[in-house]
Amino acid sequence: MNRKLRMGMVGGGIGSFIGPVHRKAAGIDGEIELVCGAFSILPEESIATGAALYLDPSRVYTTFQEMMEKEKKMPADKRIDFVSVVTPNHVHFAPTKLALESGFHVIVEKPIAFSLKEANTLKKLVEKTGLVLALTHTYTGYPMVKEARELIRSGKLGAIRKVYVEYPQGWLSKALEKTGNMQASWRTDPKQSGMGGAIGDIGTHAANLAEYVTGGKITEVCALLNTVVEGRRLDDDTSMLLRFNNGATGVLIATQVAAGEENNLNIRVYGEKGGLEWKQEEPNTLIMKWLDRPKEVVRAGWTYLSAEAKNFIRTPPGHPEGYLEAFANIYRAFTKAVRDYKPGKKVDPAKYDFPDVNDGVHGMAFVETVVKSAGSNKKWIQLK
Ligand code: NAD
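Conventions we followed
Residues numbered from 1 in each chain as written. Predicted model: local features only at pLDDT ≥ 70, side-chain atom pairs only at ≥ 80, totals over all residues. Heavy atoms only, no water. Pairing = 2+ DSSP bridges. Helix = DSSP H or I, 4+ residues; strand = E, 2+ residues; numbered from the N terminus. Axes fitted to C-alpha atoms, helices over the stretch in contact; angles between N-to-C directions. Contact = heavy atoms within 4.5 Å. Near = heavy atom within 4 Å. Polar contact = N/O pair within 3.5 Å; in protein donor to acceptor, adjacent residues only side chain to side chain. Patch = residues over 30% accessible without salt bridge, like charges linked within 9 Å, V, L, I, M, F, W, Y side chains within 5 Å. Areas by Shrake-Rupley, 256 points an atom, 1.4 Å probe, with all protein chains shown as cover. Salt bridge = Lys/Arg side-chain N within 4 Å of Asp/Glu carboxyl O. Lys, Arg positive; Asp, Glu negative; His and termini not counted. Charge placed at Lys NZ, Arg CZ, Asp CG, Glu CD. Domains from an automatic or database assignment. Buried area = accessible area lost by both parts, 1.4 Å probe. Buried < 20%, exposed > 50% of the residue type's maximum accessible area, 1.4 Å probe, protein only.

K.L.:
When you look at the sheet that holds strand β11 (residues 274-279) in this model, what are you seeing that I'm missing?
P.N.:
Strand pairs in the sheet, formed through backbone hydrogen bonds, run parallel or antiparallel to each other. Taken together, the 8 strands give an open sheet; going across it, the order is β7-β8-β9-β6-β10-β11-β12-β13, and neighbouring strands pair in mixed fashion. Because the sheet does not close on itself, it has two edges, and the strands there are β7 (218-226) and β13 (296-299). Between one strand axis and the next, the sheet turns through 15° on average, direction left out of account. Here helix α6 (residues 143-153) sits on the sheet in contact with β6 (160-168), β10 (266-271), β11, β12 (285-290) and β13, set at roughly 25° to β12. Contacting β6, β7, β8 (237-244), β9 (249-255), β10 and β11, helix α9 (residues 198-214) runs over the sheet at an angle of about 150° to β6.

K.L.:
Explanation requested: the site of the ligand in the structure shown.
P.N.:
If you check the shell around the ligand, you find 29 residues, and the closest are I18, N89, H92, T138 and Q183. Between H205 and the ligand, the recorded distance is 3.5 Å, taken from a side-chain N or O atom to an oxygen atom. Among the elements of the structure, α7 (182-187), α9 and α11 (323-340) are those that each provide at least two residues to the shell around the ligand. The dominant element in the shell around the ligand, judged by the number of residues it contributes, is α7, at 4 residues.

K.L.:
Looking at this structure, I do not really get a negative patch on the surface. What am I missing?
P.N.:
Together, E261, E262, E281 and E282 make up a region of like negative charge exposed at the surface. By the element assignment, E282 lies in the loop between β11 and β12.

K.L.:
Whenever I open this one, the domain arrangement of the chain confuses me. Can you help?
P.N.:
Accessible area lost upon the coming together of the parts is a frequently used measure of interface size. In terms of domains, the chain is made up of domain 1 (5-131) and domain 2 (140-315 + 364-374). Relative to domain 2, the C-alpha centre of domain 1 lies at a distance of 27 Å. On the domain 2 side, the residues contacting the 16 residues of domain 1 number 18 residues. Note on domain 1 versus domain 2: buried area summed over both sides is about 1,300 Å², and carbon and sulfur give 60% of it.

K.L.:
How do you make sense of the side chain of E321 when you look at a structure like this?
P.N.:
With respect to the helices, strands and loops of the structure, E321 is situated in the loop between α10 (307-310) and α11. A distance of 3.1 Å separates a polar atom in the side chain of E321 from the backbone nitrogen of T315. Dropping the residues within four chain positions of it, E321 is found in contact with P283, N284, F312, I313, R314 and T315.

K.L.:
Is there a simple way to explain the pairing of β11 in this structure?
P.N.:
On a regular strand, one side chain projects to one face of the sheet and the next to the other, so that they alternate. Most of β11 sits out of view: 5 of its 6 residues are buried. Relative to β11, β10 runs antiparallel, the two being bridged by 5 bridges. Opposite I267, over in β11, you have W278 as the bridge partner. Looking at chain direction, β11 and β12 are connected through 5 bridges and run antiparallel. Within β12, the residue paired with G274 across the bridge is W290.

Printed below as a string of structure tokens:
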């Protein structure tokens, strides 16, 4: 396919958070052009967003149903190749399903759906159609996260024993949802966010990061879901113990009431021979710790990195890449897969390195299991 891929967007209206991030990230490598969208729940806001992006007004739609219907009828040299779904959680499933049914590839925000059942429906559709679906677990797009994964995969740390993953944010320390803040309002409403608050919003990222870096899968949780801010209807603070299928155990903390914290996702992993540490707010540095020698500081951009990390780096050492580039790396891998797509031929996401529908299904199983565990007293023994 010797041209830019054509993207349509669902969500991402003026004033939204992640839609504009996706648009910038999709543009970084010059391989994608935004040609249409149904950008908002409010028709006039969708039209205003399209105008602000200088789109052809005839391709600015007021609903995602209209967008899929009209786009699929367009000639092949005009219609979109894929849809980017960047709406709140309760509007992930329907546009993703419709896009796949209309023959479009999809990039969708996490969590992939509202329930495990919905996630499995999407998985079946991906398997049936062979279309490419990527899930934006952004943090696995960082080159130093890919380096950490390669170091563990190559056995440098030995068998993995312990995983600590923390995701503290502070922005929901007060009842921001009562002030009309759009992002806080839907995130704290079970009808729009789902059965989990912080656990669905950021806990899923932490769990996905732990699994991606270690190569293990979480099989069991012992979880506490806590609601700190009075009157809030979903958890805003979660802690849990984890068991992985490779014998490792872990601790996961995801909280949005850690006052003063910004977006401090961080992970430490320890194996038989050493450990590693990565922090999202310092994404170009990876610290290695050894049983028998001093710590090492591994930095982005250098030729000593693995090919798997170097494939996703655009600038030399000391010229920092960040959040937008991590997002762009998911678009880069997805774009390659879409370019290689041939009807009837199965795409293997592992070959390209992007989070896929299986991550989405596993993420929903994670949220449902955490909620179940938190509602049970089985593992908790009261002090006398
Ligand atoms: P937001 O509230 O800022 O924006 C949501 C946008 O979707 C708004 O423009 C709204 O009008 C639009 N919308 C709602 N319903 C719609 C519909 N039916 N059709 C078309 N547009 C519709 O939300 P946000 O903070 O950008 O979050 C959006 C999604 O992105 C969430 O699922 C969230 O979990 C995810 N997210 C992911 C990351 C990440 O790092 N991967 C970061 C932030 C948010």
